[in-house]
Amino acid sequence: ASGASASQSSASTAAPAAPIRSIHDVDNSQILGFGADLADDHPGYHDEAYKRRRSALAEAAKRHVVGTPIPDVSYGPEEVATWDAVLAELSELLPRHACKEYLRCLPLFNFRPGKVPQLSEINGVLAGTTGWTVRPVAGLLHPRHFLAGLAFKHFHSTQYMRHPSKPSYTPEPDIVHELIGHVPLLADPSYSRLIQAIGRASLGADDKAIWHLTKVYWFTIEFGVVRERGDIKAFGAGILSSYGELAHMASGAAALEPLDPFRPQPRMSYKDGFQKRYFLLDSFEGGAELLQRYAENLALPESLRGDTSVA
Ligand code: HBI
Ligand code: FE
């Protein structure tokens, strides 16, 4: 239930036409992964109504223009029930195993049963904290565009809900993964610097470096853990948004390794169950500094040397 699909492996091939110099160059229609038909191992594969719903939300997302209001999505009872089920399940483990920054930010968003939050509401909260923006996207966005969005403090978020037959599993990112896994930490300043540094490193990156950064993103933003006094806490969204992965992390069964973005990263495993290793940061500040140093090492276009934040 990490929120990424197998088709990420094709990420290193497709080359972009033009360099990305601002958020307006980020093309949210460059979708990899499941098309409207879904794959035969997707829980919604045989559900025509589900596929139609997913397509409708995907089409609306593709029409979104940066800087314009995000249309609200009206979630039906079945979708709300799925949100409720995941929220209830996670609320038992998150207080014990999420990092302190996540737990400090979580209440700002007032997640509660009975209502799936709208991206416009999320942006209201982020505007008052770190200035991040969530922007709708139809599905798994091409890594170059996804990472570039981060450089400009834009997080591309899906809006469709996972299939109701399996509330605790999704083979691709969905609104639950984005909201519970990713959104809270975007309101934390030191985490904000960490994730933006990965995005900034991507702006001057060739396809090979984009693939490397996809792995760095995977082992931090999706599956990172952080030391907190004597304990190990989760900050990766793939852990925070999955009861099973949280329990696995807490069990101590997986190996812990320090993050070193300057070295080749291990293979990402997304098909074979829970992670066998987690990368450990001593702090977000330390991680952000490390990734900023790494980003500075890659050649950034002259026009992007300064702060790429957009208000
Ligand atoms: N697209 N919608 C979406 N959500 C993600 O979490 C995501 C993505 N595209 C690529 C990606 N994550 C990462 O695997 C890296 O390529 C950055
Ligand atoms: Fe994710």
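Residues numbered from 1 in each chain as written. Chains lettered and ligands numbered in written order. Predicted model: local features only at pLDDT ≥ 70, side-chain atom pairs only at ≥ 80, totals over all residues. Heavy atoms only, no water.

### Brief notes about the coordination of the iron ion (ligand 2)
Next up, step 1: Each protein donor to the iron ion (ligand 2) is listed here as His 177 (NE2), His 182 (NE2) and Glu 222 (OE); together their distances run 1.9 to 2.1 Å.
Next up, step 2: Here the donor residues of the iron ion (ligand 2) are spaced in sequence according to H-x4-H-x39-E. Of this pair, His 182 sits in helix H6 (residues 175–186) while Glu 222 sits in helix H8 (residues 207–222), placing them 40 residues apart in sequence.
Next up, step 3: The exposure class assigned to His 182 is buried, which follows from its relative accessible area of 2%. (Donors = N, O, S within 2.8 Å, 3.2 Å for Na, K, Ca; no water. Helix = DSSP H or I, 4+ residues; strand = E, 2+ residues; numbered from the N terminus. Buried < 20%, exposed > 50% of the residue type's maximum accessible area, 1.4 Å probe, protein only.)

### Overview of the environment of Pro 189
Next up, step 1: With respect to the element layout, Pro 189 can be found in helix H7 (residues 189–203).
Next up, step 2: Taking the C-alpha atoms as reference points, Pro 189 and Glu 285, 96 residues apart in sequence, are found 9.5 Å from one another.
Next up, step 3: Aside from chain neighbours lying at most four places away, what touches Pro 189 is Arg 104 and Thr 130. (Contact = heavy atoms within 4.5 Å.)

### So, helix H2 (residues 77–97)
Next up, step 1: End to end, H2 covers 30 Å across 21 residues, agreeing with the expected 30 Å (1.5 Å per residue, within 8%).
Next up, step 2: When we look at burial in H2, the residues that qualify are Glu 79, Val 80, Thr 82, Trp 83, Val 86, Leu 87, Leu 90, Leu 93, Leu 94 and His 97.
Next up, step 3: Where the residues of H2 are buried, they touch helix H1 (48–62), helix H3 (100–105), H6, strand E6 (231–234), helix H9 (237–240) and helix H10 (243–251). (Expected span 1.5 Å × (residues − 1).)

### Observations concerning empty space enclosed by the protein
Any empty space left between the atoms is revealed when a probe the size of a water molecule rolls over them.
Next up, step 1: Scanning the model with the defined rule gives two cavities of 30 Å³ or more in all.
Next up, step 2: What the second largest cavity holds in volume is close to 30 Å³.
Next up, step 3: Contributing to the lining of the second largest cavity are Ile 31, Leu 32, Gly 33, Phe 34, Arg 54, Gly 139, Leu 140, Tyr 160, Glu 172 and Pro 173.
Next up, step 4: Of the residues belonging to the lining of the second largest cavity, the class tally is six nonpolar, two polar and two charged. (1 Å grid on protein atoms, 1.4 Å probe; cavity = no way out; pocket = protein on both sides within 12 Å on 5 of 7 lines; lining within 4 Å. Points joined across faces, edges and corners; volume = space filled by probe spheres on them. Nonpolar A, V, L, I, M, F, W, Y, C, P; charged D, E, K, R; others polar.)

### Some points on the sheet that holds strand E8 (residues 277–281)
Next up, step 1: One open sheet accounts for four strands, arranged E6-E5-E8-E7; its pairing is mixed. At either margin of the open sheet sits one strand with a lone partner, and together these are E6 and strand E7 (255–258). Sheet twist, expressed as the mean angle between neighbouring strand axes with direction ignored, is 45°.
Next up, step 2: Sheet analysis places strand E5 (residues 225–228) next to E6, joined by four bridges and oriented antiparallel. Residue pairing for E6: Arg 227 is matched across the bridge by Ile 232.
Next up, step 3: Its contacts with the sheet put H10 on E5, E6 and E8, and the angle it makes with E6 is roughly 165°. (Pairing = 2+ DSSP bridges. Axes fitted to C-alpha atoms, helices over the stretch in contact; angles between N-to-C directions.)

### So, the packing of aromatic side chains
Next up, step 1: Per the counting criterion, the structure on display carries ten aromatic pairs.
Next up, step 2: Seen in terms of ring centroids, Phe 109 and Phe 111 are 6.0 Å apart; in terms of plane orientation they differ by 35°. Their pairing is tilted.
Next up, step 3: The class of Phe 109 is buried, set by a relative accessible area of 8%.
Next up, step 4: On the basis of an interplanar angle of 75° and a centroid distance of 5.4 Å, the ring pair of Phe 262 and Tyr 294 is categorised as edge-to-face. One end of the pair, Phe 262, is in the loop between E7 and E8; the other, Tyr 294, is in helix H11 (residues 284–297), and 32 residues separate them in sequence.
Next up, step 5: Looking at Phe 262, the relative accessible area reads 40%, which means it is partly exposed. (Phe/Tyr/Trp six-rings, centres within 6.5 Å; stacked < 30°, edge-to-face > 60°.)

### Here's the deal with the pattern of salt bridges
Next up, step 1: The full count for this structure, using the stated rule, is eleven salt bridges.
Next up, step 2: Linking Glu 172 and Arg 54 is a salt bridge whose minimum nitrogen-to-oxygen distance equals 2.6 Å. Taken together, the residues span a long stretch of sequence, with Glu 172 in the loop between strand E4 (154–157) and H6 and Arg 54 in helix H1 at a distance of 118 residues. Each member of the pair, Glu 172 as well as Arg 54, carries the same accessibility label: buried.
Next up, step 3: Among the ionic pairs, Asp 282 bridges to Arg 227, the shortest N-O distance being 3.0 Å. Within this pair, whereas Asp 282 is found in the loop between E8 and H11, its partner Arg 227 is found in strand E5, the two being separated by 55 residues in sequence. (Salt bridge = Lys/Arg side-chain N within 4 Å of Asp/Glu carboxyl O.)

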